[in-house]
Structure formats: structure tokens, C-alpha cells
Amino acid sequence: MNHPEDPLRILAVAETWQGSNAYAFVRSFRRAGHSVSLLADEWFAASGWQSRPMKAARRLLWPMILREATDAALREAAQFRPHLFFVFKGIMVSPQAIRAVQAQGGVAINFWPDTSFVDHGKTAAQALPCYDWIFTTKTFGPADLQARFSITNASFLPHGFDPETHKPTAMDRSDATLYGCDASFIGTWSPKKEKLLVALMSALPSLNLKIWGSQWERAGPSLCAYIQRRPIFGAEYAKAIGAAKVNIAILFEGNANAVSGDRLTSRSFHIPASRGFMLHERSDEIADHFAEDRDCAMFGSAEELAEKVRFFLAHDEARHRIAQAGRSRALSSGYSIDDRARTVIDKARALLAARQETVAPSAASTFQLAPSEQASVGPPAASET
């Protein structure tokens, strides 16, 4: 039986690329003294497969990939006997793997970072109702989960910054040449983002703009000169934030499967924590976390975006003052992944305590598979793949 302050055994499902929000949780759990066993997404399905033949191969192999991921989770659950099964989105995590952990007395918590709960395959959608708790980074997420899946065990937990990654970062001359610019946008392409940046360049044609991120090959020709044609991660991401005079934060508009677009996103915390000057699309939720014209600047239209970029490029002192205030606010207000991880651990402890109250002491202490679940250890049923 785990005592309230004892370190937890955590089985985590997360990506491990440099600067990953998912892996930031893993490192935070370890810094806090918990024992973490990792199942990395890329062990089973390489996200780097981008050519058409490799993508086609991944689609053909997907049922076997899911089976392999489930088998690995079942083996690790049986051997490691985690108190907490922490899943960051988890598009390959089956209901069977979740039930195996729960049958041993552990609890399963999902951290869902996206606007839609149904865009990542049927396995993830089937698994969502099985979790003991779901944290969603969208304030509209809990209501959406209830409407779609009748899930009520969910709450809002915003993104945060990784203190190991999102911080002022030293740069040499080559870094300044590579990343230095008047303004930058770092993020994945979307129609709305393209439209705003096209309008910005129409208003300020001499602006030195750099656009970093994925899928920008989908943009029209008017932005070609500014697209850097690659995403940036980890320390290089922090350098790019620090080297840009103005970091533009545009919110994703969502898609047909989302009840809303973003109102707050990970870059809302990454930019200030890295001591970058942030010009953020105005929303009620960003205003809840950072004060306009003190911790960051905001815009509400293409016209205001251009106006604010022009103004702050001409006012270095105000820009530097706001950037420093933004970092101070991020550090002092509990916006780090360490703070988010503590919320996850507190919820896990509460769920474990509630579970232990409902089972006999002998059952809680053995931490073994219940007889009814023994047969489930193996390849997932067809309905769960």
C-alpha cells in the first residue's frame, strides 16, 4: 500500500523528442523523485516516416503496431506494477492496457492536449472512457467529453513551460544570424495563421519575418520567402524565441471535429518563460494568465497585429520590459510543467486513496491482476484495435 507521501511508480506513455511537452512530464516526475518506466510512442510507430511509401506502409502495419504497443504495455504493467499509468494523448493505448493497470490497483490518467478528442483514431476514442481521470488543456474539453462520451471525470489543466527547455538561452553569432528577425511565428500551418501572416506582410512588406514549423508547404506563394521549411525543437526553439524581436502567437482555429479553436496553447507559456516578447492573439483565457501590456502584448485583428508589430519594433525599451515581466509572471504564477505534474500526482494520490477505501486491505496490498482480468493479458481484442 502506497502512503500519501511515498514516491509513485509511474508507467508513462509519451513522445521523447527534444522539447516534447509529453517528455517534459516524464522528466518532471523523475525530478520529483518518482520512479518512471517509459513507453515511448516512437518505439512502435516512427513519426519520421513522411514519404508516401512509408506512410502507406505505416497504415498497412497499423493493426500490428497497435498489437505490439498493447503487448508491451501489458508486460510492463505486470512486471512494474505501476501506481499511476500516465498517458499523454495515447493514440496507441488500448482499453485493455488501461484495465490491466487498474486490475492491479493502479489508476490511469490521461493528459489530452488537443482541441478534438476524435481526430486520432478509434483506439484513443475507445480508451478515453476507461481512464480514471482526464486532464484536458481546453476549458471546453470537459463539456465536450461529457457530450461525446458521457465522461464526467475530467478537468481543465492548461499547458505549461518546461523549466529545462523554455528559458533564456545563450546564443553565438551563428545563432543570431540563423534565428534573428524582426518577427517570427513558430507553429504548425493552418488557414487562419496563413491569412493573418499574409495580411501582416501586406501591411509591412519590409518586415524581416521568419516562419518555423510543420506543413507550411501548404501555404500560398506570398509567404514562400519567409518560411524556413522546418520545425525547431528544444534549445533551438528557445534560441529562436530569444532572437526574434517579436514572437507572434496565433491560436489554432480548430476543425470540424472540435467545438472550439484554441483559446490558450503551449506557446502561450513557452514564449514568456523563454523571456521572449510575446504578441498574443487576444482571448479571455490568455488574459487570465498574462496581463496585456504588462506581461505580453495582444492583438485582435490583422490590422491590430500589424499596428502592434510596427509599434513595438520602434520601442525597444517597452519590448524588453514586457518580455522580462512575462518571464517573471510565468515563474511566479505556477505555470511550469513541474506545477502541472504536481496537480497530476495529487489527483493520482486522491484516486488511489479512494480506490483503497473500496477494497479489502489484503486485495489492495497484493497489487495483482484480478482473476477476471487474467485472460486479458495478451493481444487486444479486435474491437480494441
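Just so we're clear, the structure is a prediction, and the values are computed from it rather than from any experiment.

Q: Before we go on, may I ask you to explain the overall build of the protein in this structure?
A: Along its length, the protein carries 15 helices and 11 strands. Principal-axis analysis of the C-alpha atoms places the extent of the protein at approximately 70 × 50 × 40 Å. Counting only residues that meet the buried cut, the protein has 54% of its 385 residues in that class. Of all intrachain contacts in the protein linking residues separated by at least 6 positions in sequence, the fraction that spans at least 24 positions is 72%. For the protein, the exposed surface amounts to about 16,800 Å²; the carbon and sulfur share of it is 53%. Side-chain charges in the protein split into 43 positive and 40 negative, and the spacing between the mean points of these groups amounts to 3 Å.

Q: Looking at this structure, I do not really get the sheet that holds strand 3 (residues 84-88). What am I missing?
A: Two orientations exist for strands paired in a sheet by backbone hydrogen bonds: parallel and antiparallel. Strand order in the open sheet formed by 6 strands is 2-1-3-4-5-6, and the pairing between neighbours is parallel. Across the chains shown, the open sheet's two edge strands, defined by having one partner strand only, are strand 2 (35-40) and strand 6 (154-156). When the angles between neighbouring strand axes are averaged without regard to direction, this sheet yields 20°. Across 6 bridges, the pairing between strand 1 (residues 9-14) and strand 2 is parallel. Along strand 2, the bridge assignment pairs Val13 with Leu39. Each of strand 5 (133-136) and strand 6 is contacted by helix 5 (residues 141-149), which is oriented at about 155° to strand 6, the strand it contacts most. The strands touched by helix 13 (residues 337-357) within the sheet are strand 1, strand 3, strand 4 (107-112) and strand 5, with strand 4 carrying the most contacts at an inclination of about 150°.

Q: Quick question: what am I supposed to make of unusual backbone geometry here?
A: What is expected of a backbone is that most residues other than glycine have negative phi and most peptide bonds are trans. A positive phi angle, near 60°, is found at Arg275, a position not held by glycine. On the secondary structure map, Arg275 appears in the loop between helix 9 (267-273) and strand 10 (278-281). Since its relative accessible area comes to 43%, Arg275 is described here as partly exposed. In the Ramachandran plot, Asp293 falls in the positive-phi region, its phi being about 70° despite a non-glycine side chain.

Q: Quick question: what am I supposed to make of the pattern of salt bridges here?
A: Should their charged atoms come close, side chains of opposite charge can pair. This structure, assessed with the given rule, holds 21 salt bridges. In this structure, Asp262 engages Lys138 in a salt bridge whose closest nitrogen and oxygen atoms are separated by 2.5 Å. Placement of Asp262 in the loop between strand 9 (244-249) and helix 9 and of Lys138 in the loop between strand 5 and helix 5 is noted, with a sequence separation of 124 residues between them. Accessibility assignment for this pair places Asp262 and Lys138 in one class, buried. Across the salt bridge formed by Asp175 and Lys239, the nearest N and O atoms sit 3.3 Å from each other. Of the two residues, Asp175 is situated in helix 6 (residues 173-179) and Lys239 in helix 8 (residues 234-243); the sequence distance between them amounts to 64 residues. Judged by relative accessible area, which is 14%, Lys239 ranks as buried.

Q: Explain the pairing of strand 4 to me, please; I cannot follow it from the model alone.
A: Regular strands place side chains that alternate from one sheet face to the opposite one. Among the 6 residues of strand 4, 6 are classified as buried, and the element is accordingly described as predominantly covered. Side chains Val107, Ile109 and Phe111 project from strand 4 onto one buried face, and the interleaved Ala108, Asn110 and Trp112 project onto a second face that is buried too. When strand 3 meets strand 4, the two strands line up parallel, connected through 5 bridges. When the sheet's bridge partners are listed, Phe88 is paired in strand 4 with Phe111. Crossover connection from strand 3 via helix 3 (residues 95-103) to parallel strand 4: handedness right-handed. As a crossover connection, the stretch from strand 4 through helix 4 (residues 122-127) into strand 5 is right-handed.

Q: Teacher, can you tell me more about the packing of aromatic side chains here?
A: How two aromatic rings sit relative to each other is set out by the distance from centre to centre and by the angle between their planes. Under the criterion given, the structure shown has 15 aromatic pairs. Summarising the aromatic geometry, the rings of Trp17 and Phe233 are spaced 4.7 Å apart at their centres and angled 55° between planes, so their arrangement reads as tilted. Of this pair, Trp17 sits in the loop between strand 1 and helix 1 (21-31) while Phe233 sits in the loop between strand 8 (209-212) and helix 8; the two residues are 216 residues apart in sequence, bridging distant segments of the chain. Judged by centre distance (5.1 Å) and plane angle (85°), the ring pair of Phe29 and Phe86 falls under edge-to-face. Of the two residues, Phe29 sits in helix 1 while Phe86 sits in strand 3, which places them 57 residues apart along the sequence. The exposure classification of Phe29 matches that of Phe86, with both residues buried. In this structure an aromatic cluster arises from ring pairing among Phe25, Phe29, Phe86, Phe88 and Phe111.

The rules behind the values
Each chain carries its own residue numbering, running from 1 in the written order of its sequence. With the structure being a predicted model, the display of local features is reserved for residues of pLDDT at least 70 and the display and counting of side-chain atom pairs for 80 or more, all residues being used for whole-chain, interface and lining totals. Processing note: side-chain calculations cover all non-hydrogen atoms of the structure and skip hydrogens and water entirely. Counting from the N terminus, the helices are DSSP H or I runs at least four residues long and the strands are E runs at least two residues long. Any residue under 20% of the maximum accessible area for its type is buried, any over 50% is exposed, and the rest in between are partly exposed; the area is computed with a 1.4 Å probe on protein chains only. By definition in these notes, contact holds between two residues if any of their heavy atoms fall within 4.5 Å. Accessible areas in this description were obtained via Shrake-Rupley with a 1.4 Å probe; residue shielding takes into account the shown protein chains only. Positive charge is attributed to Lys and Arg, negative charge to Asp and Glu, and no charge count is given to His or to the chain ends. In this description, the location of a charge corresponds to atom NZ of lysine, CZ of arginine, CG of aspartate or CD of glutamate. Here, a strand pair is defined by DSSP locating no fewer than two bridges between the strands. For every element, the axis is a line fit to its C-alpha atoms; helices are fit only across the contacting stretch, and the angle between N-to-C directions ranges from 0 to 180 degrees. Here, a salt bridge means any side-chain nitrogen of Lys or Arg that lies within 4 Å of a carboxyl oxygen of Asp or Glu. Clockwise travel from the first strand over the helix to the second, with the strands pointing away from the viewer, marks a crossover as right-handed. Each Phe, Tyr or Trp ring, with Trp reduced to its six-membered ring, pairs with another whose centre is within 6.5 Å; inter-plane angles below 30 degrees give stacked pairs, above 60 give edge-to-face pairs, and intermediate values give tilted ones.

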